[in-house]
Structures are given as structure tokens and as C-alpha cells.
Amino acid sequence: MPLGLGRRKKASPLVENEEAEPVRAGLNVPGLDGMDGVGGGLGEATAQEGLPPPPTSLRPRLIFHTQLAHGSPTGRIEGFSNVRELYAKIGEAFGIPPAEVMFCTLNTHKVDMDKLLGGQIGLEDFIFAHVKGQRKEVEVFKGEDALGLTITDNGAGYAFIKRIREGSIIHQIQVINVGDMIESINGHMLIGCRHYEVAKMLKELPRGKNFVLKLVEPLKAFDMISQRSGGSRSGGQLGTGRGTLRLRSKGPATVEELPSAFEEKAIEKVDDLLESYMGIRDSELAATMVELGKDKKNPDEFAEALDETLGDFAFPDEFVFDVWGAIGDAKVGRV
């Protein structure tokens, strides 16, 4: 079937269920309105038929523990629905401007891209916030078409390096590391740009010429060793079995079950395709694409759904077809 016809181009628990305080605005937790059971300790009691729901003051709230990755006391944050609100809460907890937060990792203070906080947080995950450190300016000679970089972003306006391919141009420049935020290319400021825009700009730089990168590295603790490759590509589930809090750019956050084995495999496959085609990795974007495609009957329906929801990316037809195939392979258990 032709594709794209008509397309528009463990000490204490890390999350505490506390009573006697209201659920903060912005967290839409399924089941809490009637306490009809989310599972894993979130509203397990079922309201008896005919009885009014419990008062707001008795509903649980979600509280996460957090630290600054380079070292700090432990803070407690709650009441956020997206990454920008999360960074604002972290800023309040530690008395720093939210714009100082570059990205967060889950359950490790190290710059480990396999533990990067994306669109979901396990309900017992510990959040480590990586803040801006040293600025650096690097001149790079583009001797090959591919620089060897994989770009991601934090969902709040900062694009940074998620992986450096071994043996590549960038791998030979020791001062450039995984986790470095790309502030500008040849003087063009990139604050507010998405990862795919930055990757496209790097790809379009002329071969055989020098260009200048301005970078900001995350502030590191003494025991943090620079990780040049970005870690393995095995992924791995960060949740603890109690579900995850899914952050959304639009609308309230929601508590959801952990991804199924099919979804986890499909997300990994789609994320690999994003890196191969676009030079980016974004597990949340991959998860959105899997969600859009898993119930579609054919690639044209999938393409239309992508255009409607993710039209800004202008995915090429070949990429869309490969994503459709990857989702299908995950459904039938193909490797």
C-alpha cells in the first residue's frame, strides 16, 4: 500500500503517600477521585457504592526525593506536571534558578544517559538534578559528513550530547563529553531549540571547514568520571513496579502502569531508528510513536496519526515505514 498519500508535511520509600494534605494541582492521578484503586499503594481502598468520595484533605499526594548531582542535602518535591514545572520545583527546593538545571537522572548522580529522566518517573525513583558547570568553546574541523554525535534535549529548551560514537571526529576531541549542553554553533544560539533542529544544523555544516561549538558541561562531583560514549544501548526499565508518573508537555501528569514487554521492545526499536535517521535519541518521542501506531491497521493510518500529533518533525516516508515495521516486529516478538 502506498505510504503517505495526502500527508501534510532504600531507606524510607522515595515516594510518600501522605494524608491530611490535598493533591496538588496539575497531577491527574487516575482513580484518586473515587479512590478506585491505582495499584501499588495508590488509592487501593475502594469506595463503597453509595458513599461519598473521601474529602480532598485525605487523598494521597506524590512526593519525590531529589538531590543536586554534584552534592547537596536531600530535598522533597511535588505538584509538577511537566519538565519545566519539575525544574521549577527543584529550583525552589535548593534555592537556584530553574534555568540552571540542565537535565535529571534517575537513581544515580552520574552522567549516565541510560538513566536520563525522560517523560516518565518511576514512583519510587530518586531524582538527581545536574546543573550548569564550566563553559567551554571548541573549534572543530568537519573532515567527514558524520560527526559521531547523538543529540537529545531536556524538554525545557536545552539540547545536549547523549552519545559520542567511538572513533568519530568528536570522539577525538577530549574536552567534548556526553552530557555537554550545546549552547551555540558558530554563534547561533540554540537555547529553546529541539534536539532534531540541533542535529539538522550539525548535519548541514559544510564538510572541510571549521566550526565553533559553545558548550556547557554539567557540574560534577569529585567521583564523577566523564563518560564519553554515553553508555550501553540496552535501555532498561527504571520503574520499581509501582507504576510511573508520566509527564506531558500539554495537560496534567498521570500515573500509569509500566510499559508492557511489547511496548518496551517497540520503544527501544523506534529510538534506535530515531538515532539512525535523525541523529537523536528520545525515548518519550519513541513511546508516543508506539502509542500512535500500535492500534493502527496500516502504515497510511499510522502516517496520518503522526502528521496530526507530531507534524512539526516532518518525518520522511521511509522513516515512517521503518517505524511501522519495527512496531509490527515487536508485536510478533521478532528481534
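Note that the structure is predicted; figures quoted are calculated from it, not measured.

Scoring rules and cut-offs
Residues numbered from 1 in each chain as written. Predicted model: local features only at pLDDT ≥ 70, side-chain atom pairs only at ≥ 80, totals over all residues. Heavy atoms only, no water. Helix = DSSP H or I, 4+ residues; strand = E, 2+ residues; numbered from the N terminus. Buried < 20%, exposed > 50% of the residue type's maximum accessible area, 1.4 Å probe, protein only. Areas by Shrake-Rupley, 256 points an atom, 1.4 Å probe, with all protein chains shown as cover. Salt bridge = Lys/Arg side-chain N within 4 Å of Asp/Glu carboxyl O. Core = buried A, V, L, I, M, F, W, Y, C linked by side-chain atoms within 4.5 Å. Domains from an automatic or database assignment. Contact = heavy atoms within 4.5 Å. pLDDT = per-residue confidence, 0-100. Phe/Tyr/Trp six-rings, centres within 6.5 Å; stacked < 30°, edge-to-face > 60°. Expected span 1.5 Å × (residues − 1). Pairing = 2+ DSSP bridges.

Considering the overall build of the protein
Stage number 1. For the protein, the count of helices and strands is six helices and 14 strands.
Stage number 2. Across the 335 residues that make up the protein, the buried fraction comes to 50%.
Stage number 3. For the protein, the accessible surface area stands at approximately 16,100 Å², while carbon and sulfur atoms represent 51% of it.

Notes on the pattern of salt bridges
Stage number 1. Within the structure shown, the criterion is met by 14 salt bridges.
Stage number 2. Note that Lys294 and Glu263 form a salt bridge whose closest N and O atoms lie 2.9 Å from each other. Here the residue Lys294 occupies a position in the loop between helix 4 (283–293) and helix 5 (299–310), and Glu263 occupies one in helix 3 (residues 261–278), the gap between them amounting to 31 residues.
Stage number 3. The class for Glu263 is buried, based on a relative accessible area of 18%.
Stage number 4. Between Asp272 and Arg281 there is a salt bridge whose closest N-O contact spans 3.0 Å.

Quick notes on the nonpolar core
Stage number 1. Judged by nonpolar contacts, the single largest core of 81 residues is most densely connected at Ile90, Ile127, Ile176, Ile182, Leu202, Met289 and Phe315.
Stage number 2. Residue contributions to this core peak at seven residues, all from helix 6 (residues 317–331).
Stage number 3. Residue assignment places this core across two domains, with domain 1 (63–219) and domain 2 (259–332) each supplying three or more.
Stage number 4. When sequence neighbours within four positions are dropped, the list of residues in contact with Leu202 reads Lys142, Leu147, Leu149, Ile151, Ile182, Ile185, Phe211 and Leu213.

Some words on the confidence of the model for the protein
Stage number 1. Put simply, the protein has an average pLDDT of 78, and 71% of its residues get 70 or more.
Stage number 2. Throughout residues 4–50 the model reports pLDDT below 50, and contacts reaching past four residues in sequence, or to other chains, amount to 107 contacts.
Stage number 3. Long-range and interchain partners of residues 231–241, a stretch whose pLDDT sits below 50, account for 25 contacts in this model, where long-range means more than four residues apart.

Notes on the packing of aromatic side chains
Stage number 1. For the structure on display, the rule yields eight aromatic pairs.
Stage number 2. Ring plane angle 10 degrees and centroid distance 5.1 Å describe the contact between Phe313 and Phe315, whose orientation is recorded as stacked. Of the two residues examined, Phe313 and Phe315, each falls in the buried class.

Details of the environment of Val216
Stage number 1. Along the chain, Val216 falls in strand 12 (residues 210–218).
Stage number 2. The exposure class of Val216 is buried, given its relative accessible area of 0%.
Stage number 3. If near-sequence neighbours (up to four positions away) are discounted, Val216 is found in contact with Met102, Lys132, Gly133, Gln134, Arg135, Gly179, Asp180, Met181 and Glu183.

Some details on the environment of Phe321
Stage number 1. As for its placement among the helices and strands, Phe321 is situated in helix 6.
Stage number 2. Residues Phe321 and Ala303, spaced 18 residues apart in sequence, show a C-alpha to C-alpha distance of 8.4 Å.

Looking at unusual backbone geometry
Comment: phi is negative for the bulk of residues other than glycine, and the bulk of peptide bonds are trans.
Stage number 1. Backbone geometry at Asn107 places phi at a positive 70 degrees, although glycine is not the residue there.
Stage number 2. Among the secondary structure elements, Asn107 is positioned in the loop between strand 5 (101–106) and strand 6 (120–122).
Stage number 3. The partly exposed category is assigned to Asn107, whose relative accessible area is 38%.
Stage number 4. Residue Asn186 is not a glycine yet carries a positive backbone phi of 50 degrees.
Stage number 5. Here Asn186 falls in the partly exposed class, since its relative accessible area comes to 45%.

Focus: helix 5
Stage number 1. In a regular helix each residue adds 1.5 Å, so 12 residues correspond to 16 Å; helix 5 covers 15 Å between its end C-alpha atoms and thus fits that length.
Stage number 2. Burial in helix 5 covers these residues: Pro299, Asp300, Phe302, Ala303, Ala305, Leu306, Asp307 and Leu310.
Stage number 3. In this structure, the buried residues of helix 5 make contact with helix 4 and helix 6.

Examining the pairing of strand 9 (residues 159–164)
Stage number 1. Within strand 9, six of the six residues are buried, which leaves the element mostly enclosed by the surrounding structure.
Stage number 2. Here strand 8 (residues 149–153) runs beside strand 9; their pairing, made up of five bridges, is antiparallel. Considered in strand 9, the bridge of Asp153 is made with Ala159.

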